[in-house]
Amino acid sequence: MATLRRDGRVTALQRLGCAGLAGALSLSLTAPLELLTVLAQVGTWHCRRGLRGAGRCLCSTEGVRALWKGNFTACLRLCPYSALQIAASRRLVTLFTDELGHISHWRAILAGSLAGMVATVVTYPTDVIKTRLIVQSRLEPSYQGILHAFYKIHQQEGLLALYRGVSPAILGAVPFSAGSFFVYISLDKIWQEPIVQFTPLQNFIKGCVAAGVAQTLSFPFETVKRKMQAQSPWLPHYGGVDVHFTGMADCFRQTVKHKGVLGLWSGLTPSLLKIVPYFGVMFSTFEFCKRVCLYRNGYIESPLNYKLTPGVDQSLHPQELRELKRLRRGNFEPRKSALEN
């Protein structure tokens, strides 16, 4: 069992800003690995010489900037995705929490997975656009940007094309949740400590291992999703997809038929390689941004450490602390004498 704890010294808007900045930096740093993952999943011609050859081929033909194709779309997607995920997760965690404020690991992961599914479905068109921008050539682009891609896909293929592949994305949440639950329960038994006593390193290891296992289990659904997003008769070479299919089940069947079972895990290596730097940058950036917010709110003495400001009640919320400071300033203002009046 775990107790839901949220740092009330940081406002919801500040928390969202910290998460957005941390996510944007980690996405930008690992964007080349994400690009190689998508190209391998789709099966474009770049990956015929392996992942290293794909990177070299892409740089030689389209330039080094091609390694960051689709990254701007992914960063823009962060804010609405994070806001929806946080809002849905808060509602679901409240629903799953018992009268004593405790929630089991399984229910916490289930709440997070359901919240992620809600955010995924709502922001799914941006994920489709990101995939299309990645697989297209910068030398002869089919889409000039995010808005042009949205307009052109809607005009040529219809509104449902922006949700192509959403079914495997939702189904992939099941093995993802199961893998996360298995890792968290197993590591808790190994460390044999209450979750509130875990060090930052332990939490980092748990996050990385859980993401690695869950990603491996759900990767076939992710591969099928990417193929469905990329395939289009309006794009050169049909979107560069290595197999042709009519739907999700047929995509599974055609991939296994032409590429073998391991073809469903094409691109897993760069996907796993990006986990450690992604979470490392995200956690460190989020913690630094949080320290900046705590310093601005008046709880700590410096944004470089967590040394508490003397005489400040750490249980107060930011608005309550501001009102208390305003009240104290008002009480210590010198009163005007009767002669001055």
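None of these values were measured; they are calculated from a predicted model.

Computed from the structure, the second largest pocket encloses a volume of approximately 600 Å³. Together, 26 residues line the second largest pocket, and Thr 44, Trp 45, His 46, His 237 and Gly 240 are the ones closest to its centre. If you list the elements that add at least two residues to the lining of the second largest pocket, you get α3 (50–62) and α6 (124–135). Split by residue class, the lining of the second largest pocket holds nine nonpolar, eleven polar and six charged.

Attention shifts here to the domain arrangement of the protein. According to the domain assignment, the protein contains domain 1 (12–297) and domain 2 (307–333). A separation of 42 Å is found between the C-alpha centroids of domain 1 and domain 2.

This paragraph deals with the environment of Leu 187. Checked against the element boundaries, Leu 187 lands in helix α9 (residues 173–191). Through-space distance from the C-alpha of Leu 187 to that of Cys 293 is 32 Å; in sequence the pair is 106 residues apart.

The next thing to look at is the UniProt feature "repeat: Solcar" (unreviewed entry) in the protein. UniProt records the feature "repeat: Solcar" (unreviewed entry) at residues 10–95, 103–190 and 198–292, using the numbering of this structure. In residues 10–95, helix accounts for 79% and strand for 0%; the two terminal C-alpha atoms are 23 Å from one another. Within residues 103–190, the helical portion is 75% and the strand portion 1%, while the C-alpha atoms at the span's ends are 20 Å from each other.

Together, Val 121, Tyr 163 and Ile 170 line one region of the surface with nonpolar side chains, adding up to about 200 Å² of accessible area. In this structure, Ile 170 sits in helix α8 (residues 166–171). Residue classification places Ile 170 among the partly exposed residues on the basis of a relative accessible area of 32%.

Counted according to the given criterion, the structure contains six aromatic pairs. Look at Tyr 124 and Tyr 163: their rings are 6.1 Å apart centre to centre, the planes differ by 15°, and that puts the pair in the stacked class. Here the residue Tyr 124 occupies a position in helix α6, and Tyr 163 occupies one in the loop between α7 (146–157) and α8, the gap between them amounting to 39 residues. Looking at Tyr 124, the relative accessible area reads 0%, which means it is buried. Measuring from ring centre to ring centre gives 5.7 Å for Phe 279 and Phe 283, while their planes differ by 50°; the resulting arrangement is tilted. With Phe 279 and Phe 283 both in helix α13 (residues 275–297) and four residues apart, this pair spans about one turn of that helix.

Another point: the nonpolar core. Ranked by size, the top nonpolar core spans 19 residues in total, and within it Leu 35, Leu 39, Val 42, Leu 58, Val 241 and Phe 245 carry the most contacts. Counting only elements with at least two residues in this core, the list comes to α2 (31–42), α3, α6 and α10 (200–230). Discounting residues that sit within four places of it in the chain, Phe 245 has contacts with Lys 227, Met 228, Gln 231, Asp 250, Cys 251 and Gln 254. With ten residues, the next largest nonpolar core counts Cys 18, Ile 300, Val 312 and Leu 321 among its residues.

Right, let's talk about the packing of helix α4 (residues 71–96) against helix α5 (residues 105–122) for a bit. Packing of α4 against α5 leaves a shortest axis separation of 8 Å and a crossing angle of 145°. Every pair of crossing elements has a handedness; the one defined by α4 and α5 is right-handed. Residues Arg 77, Tyr 81, Leu 84, Gln 85, Ala 88, Ser 89, Leu 92, Val 93 and Phe 96 of α4 lie in contact with α5, whose contacting residues are Arg 107, Leu 110, Ala 111, Gly 112, Leu 114, Ala 115, Gly 116, Val 118, Ala 119, Thr 120 and Val 122. Considered class by class, the residues forming the contact of α4 with α5 number 13 nonpolar, five polar and two charged.

Applying the stated criterion across every chain yields a total of 17 salt bridges. Its salt-bridge partner being Lys 130, residue Glu 34 comes within 3.1 Å of it at the nearest N-O pair. Residue Glu 34 is found in helix α2, and its partner Lys 130 is found in helix α6; the two are separated by 96 residues along the sequence. For the residue pair Glu 34 and Lys 130, the accessibility class agrees, reading buried in each case. Residue Asp 242 pairs with Lys 259 through a salt bridge whose shortest N-O separation is 3.9 Å. Taken together, the positions of Asp 242 in the loop between α10 and α11 (248–259) and Lys 259 in helix α11 put the pair 17 residues apart, joining distant regions of the chain. When its relative accessible area of 46% is taken as the criterion, Lys 259 is described as partly exposed.

Scoring rules and cut-offs
- Residues numbered from 1 in each chain as written.
- Predicted model: local features only at pLDDT ≥ 70, side-chain atom pairs only at ≥ 80, totals over all residues.
- Heavy atoms only, no water.
- 1 Å grid on protein atoms, 1.4 Å probe; cavity = no way out; pocket = protein on both sides within 12 Å on 5 of 7 lines; lining within 4 Å.
- Points joined across faces, edges and corners; volume = space filled by probe spheres on them.
- Helix = DSSP H or I, 4+ residues; strand = E, 2+ residues; numbered from the N terminus.
- Nonpolar A, V, L, I, M, F, W, Y, C, P; charged D, E, K, R; others polar.
- Domains from an automatic or database assignment.
- UniProt positions renumbered as here; feature names shortened; annotations may be inferred.
- Patch = residues over 30% accessible without salt bridge, like charges linked within 9 Å, V, L, I, M, F, W, Y side chains within 5 Å.
- Areas by Shrake-Rupley, 256 points an atom, 1.4 Å probe, with all protein chains shown as cover.
- Salt bridge = Lys/Arg side-chain N within 4 Å of Asp/Glu carboxyl O.
- Buried < 20%, exposed > 50% of the residue type's maximum accessible area, 1.4 Å probe, protein only.
- Phe/Tyr/Trp six-rings, centres within 6.5 Å; stacked < 30°, edge-to-face > 60°.
- Core = buried A, V, L, I, M, F, W, Y, C linked by side-chain atoms within 4.5 Å.
- Contact = heavy atoms within 4.5 Å.
- Axes fitted to C-alpha atoms, helices over the stretch in contact; angles between N-to-C directions.
- Left-handed = near helix turned anticlockwise from the far one by under 90°.

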